[in-house]
Amino acid sequence: LVIIDHGANAYSLYGYLEGVSVTRGDAVDSGTEIARVGAAPAGPAAIYLEIRIDGRSVDPVEWLKPH
């Protein structure tokens, strides 16, 4: 699991990873590789993405739209 702190109590969480490329405390910019996609518990390649704002999980679709 990799958790990125975006500030203002906003976090993105990434799971089902393989070959994590960052370590705790690293600063990451847009486009920085944080890890490679791994296998989900069911077997096929997958990625888990969760966005948390103020401690609550929110729909990540709004975060994935181009600005």
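Relevant structure appears above.
Predicted model, so just to flag it, every value in this text is computed and none were measured.

### Topic: the pattern of salt bridges
Under the criterion given, the structure shown has 2 salt bridges. A salt bridge links Glu33 to Arg36, with the nearest nitrogen and oxygen atoms 3.4 Å apart. Overall, the relative accessible area of 41% leaves Glu33 in the partly exposed class. Judged by its relative accessible area of 51%, Arg36 is exposed. Residues Arg52 and Glu50 are paired through a salt bridge, measuring 2.6 Å at the closest nitrogen-oxygen approach.

### Things to note about the nonpolar core
The biggest cluster of nonpolar side chains holds 6 residues, and these are Val2, Ile4, Tyr14, Val22, Ile34 and Ala35. Residues within four places of Tyr14 in sequence aside, it is in contact with Leu1, Val2, Ile4, Ile34, Ile47, Tyr48 and Leu49.

### Remarks on the side chain of Glu50
Considering the arrangement of structural elements, one finds Glu50 in strand β6 (residues 48-53). Note on Glu50: relative accessible area 10%, which makes it buried. A polar side-chain atom of Glu50 sits 2.2 Å from a polar atom in the side chain of Tyr48. A distance of 2.6 Å separates polar atoms of two side chains, one belonging to Glu50 and the other to Arg52. In this view, Glu50 contacts Tyr11, Ser12, Leu13 and Ser57; residues no more than four positions away in its chain are not counted.

### As for the pairing of strand β4 (residues 36-39)
Across 2 bridges, the pairing between strand β3 (residues 17-18) and β4 is antiparallel. Its bridge partner lying in β4, Leu17 is registered against Val37. Hairpin geometry of β4 and strand β5 (residues 45-46) is characterised by an intervening segment of 5 residues between the two adjacent antiparallel strands and by a positive phi of about 120 degrees at Gly43.

Rules and cut-offs
- Residues numbered from 1 in each chain as written.
- Predicted model: local features only at pLDDT ≥ 70, side-chain atom pairs only at ≥ 80, totals over all residues.
- Heavy atoms only, no water.
- Salt bridge = Lys/Arg side-chain N within 4 Å of Asp/Glu carboxyl O.
- Buried < 20%, exposed > 50% of the residue type's maximum accessible area, 1.4 Å probe, protein only.
- Core = buried A, V, L, I, M, F, W, Y, C linked by side-chain atoms within 4.5 Å.
- Contact = heavy atoms within 4.5 Å.
- Helix = DSSP H or I, 4+ residues; strand = E, 2+ residues; numbered from the N terminus.
- Polar contact = N/O pair within 3.5 Å; in protein donor to acceptor, adjacent residues only side chain to side chain.
- Pairing = 2+ DSSP bridges.

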